[in-house]
Amino acid sequence: WQKLLTAAIGAAILVFLYNGYQTSTRETQMRAADLFSKVRATSQELERLRSLPPSTAQDEKERAAANEMQKKDLAEAREKFDQQLKALAETPAPYSELTVVYRALALAYDGDSAGALQSLAKFSNWSDISESNIAARLVPELAALMRARILIDDEKTLTEGRAALV
């Protein structure tokens, strides 16, 4: 009966450790998903702030103050975005890999298409990944679409961008 008791205690310890591991993994994934959601929201806020037209106030001082406030809001949102991307880079895949895509998107919006394309080059081998491994293909395919979008947005590389989509 002592061997049976020892085996039962050992099994209970293994179940306890396994449940702890599962809980920890789930919590890590939830934190990563929450952080990704924040990155996405901040990215959308950056896009909104970038698309705001300059102030059309009649008074020169009001117009200058409004434009300065827009610049300040954009700088604060960009700083927040960069901080969130640094944190997201420390999370498990695929969220950590999405950091590269979002950083490239930010570079493209800032007008640095070459830098954006260079950062996306890491995922140039997406077509070599087995089609059955959908999870491994997600970020590389998204990066390929982002690369095509960046190329299409520039008149000089429009043809190359279209070819990348085929």
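Residues numbered from 1 in each chain as written. Predicted model: local features only at pLDDT ≥ 70, side-chain atom pairs only at ≥ 80, totals over all residues. Heavy atoms only, no water.

### A closer look at unusual backbone geometry
So, point 1. With an omega of 5°, the peptide bond running from alanine 93 to proline 94 counts as cis.
So, point 2. Within the secondary structure, proline 94 sits in the loop between helix H2 (60-88) and helix H3 (95-109). (Helix = DSSP H or I, 4+ residues; strand = E, 2+ residues; numbered from the N terminus.)

### Topic: the confidence of the model for the chain
Close inspection of predicted coordinates is inappropriate for parts of the model with low pLDDT.
So, point 1. Confidence along the chain averages 89 in pLDDT terms, with 99% of residues attaining 70 or more.
So, point 2. Element-level mean pLDDT values for the chain span from 86 in helix H5 (residues 134-153) up to 93 in H2. (pLDDT = per-residue confidence, 0-100.)

### Thoughts on the packing of H2 against H3
So, point 1. With their axes 8 Å apart at the nearest point, H2 and H3 run at an angle of 155° to one another. Taken together, the axis directions place H2 and H3 in an arrangement best described as roughly antiparallel. Once H2 is placed against H3, the crossing between them reads as left-handed. The segment H2 lies against H3, with Arg78, Phe81, Asp82, Leu85, Lys86 and Leu88 engaging Tyr95, Ser96, Thr99, Tyr102, Arg103 and Ala106.
So, point 2. Tallied by class, the residues present in the contact of H2 with H3 amount to six nonpolar, two polar and four charged. (Axes fitted to C-alpha atoms, helices over the stretch in contact; angles between N-to-C directions. Parallel < 35°, antiparallel > 145°, perpendicular 65-115°, else oblique. Left-handed = near helix turned anticlockwise from the far one by under 90°. Contact = heavy atoms within 4.5 Å. Nonpolar A, V, L, I, M, F, W, Y, C, P; charged D, E, K, R; others polar.)

### Describing the environment of valine 39
So, point 1. Assignment of secondary structure puts valine 39 in helix H1 (residues 2-51).
So, point 2. Judged by relative accessible area, which is 0%, valine 39 ranks as buried.
So, point 3. Along the sequence, valine 39 and aspartate 82 sit 43 residues apart, while their C-alpha atoms lie 9.0 Å from each other.
So, point 4. Among all residues touching valine 39, those that are not within four sequence positions of it are Phe81, Gln84, Leu85, Leu88 and Tyr102. (Buried < 20%, exposed > 50% of the residue type's maximum accessible area, 1.4 Å probe, protein only.)

### Overview of the pattern of salt bridges
Side-chain pairing between opposite charges can occur once the charged atoms of the two side chains come close.
So, point 1. For the structure shown, the criterion picks out nine salt bridges.
So, point 2. With a shortest N-O distance of 2.7 Å, arginine 48 and glutamate 45 are connected by a salt bridge. With arginine 48 and glutamate 45 both in helix H1 and three residues apart, the pair spans about one turn of that helix.
So, point 3. Its relative accessible area of 40% is what places arginine 48 among the partly exposed residues.
So, point 4. For aspartate 153, the salt bridge is made with arginine 149, and the minimal N-O distance between the two is 3.8 Å. You can see aspartate 153 and its partner arginine 149 sitting in helix H5, four residues apart, about one turn around the helix. (Salt bridge = Lys/Arg side-chain N within 4 Å of Asp/Glu carboxyl O.)

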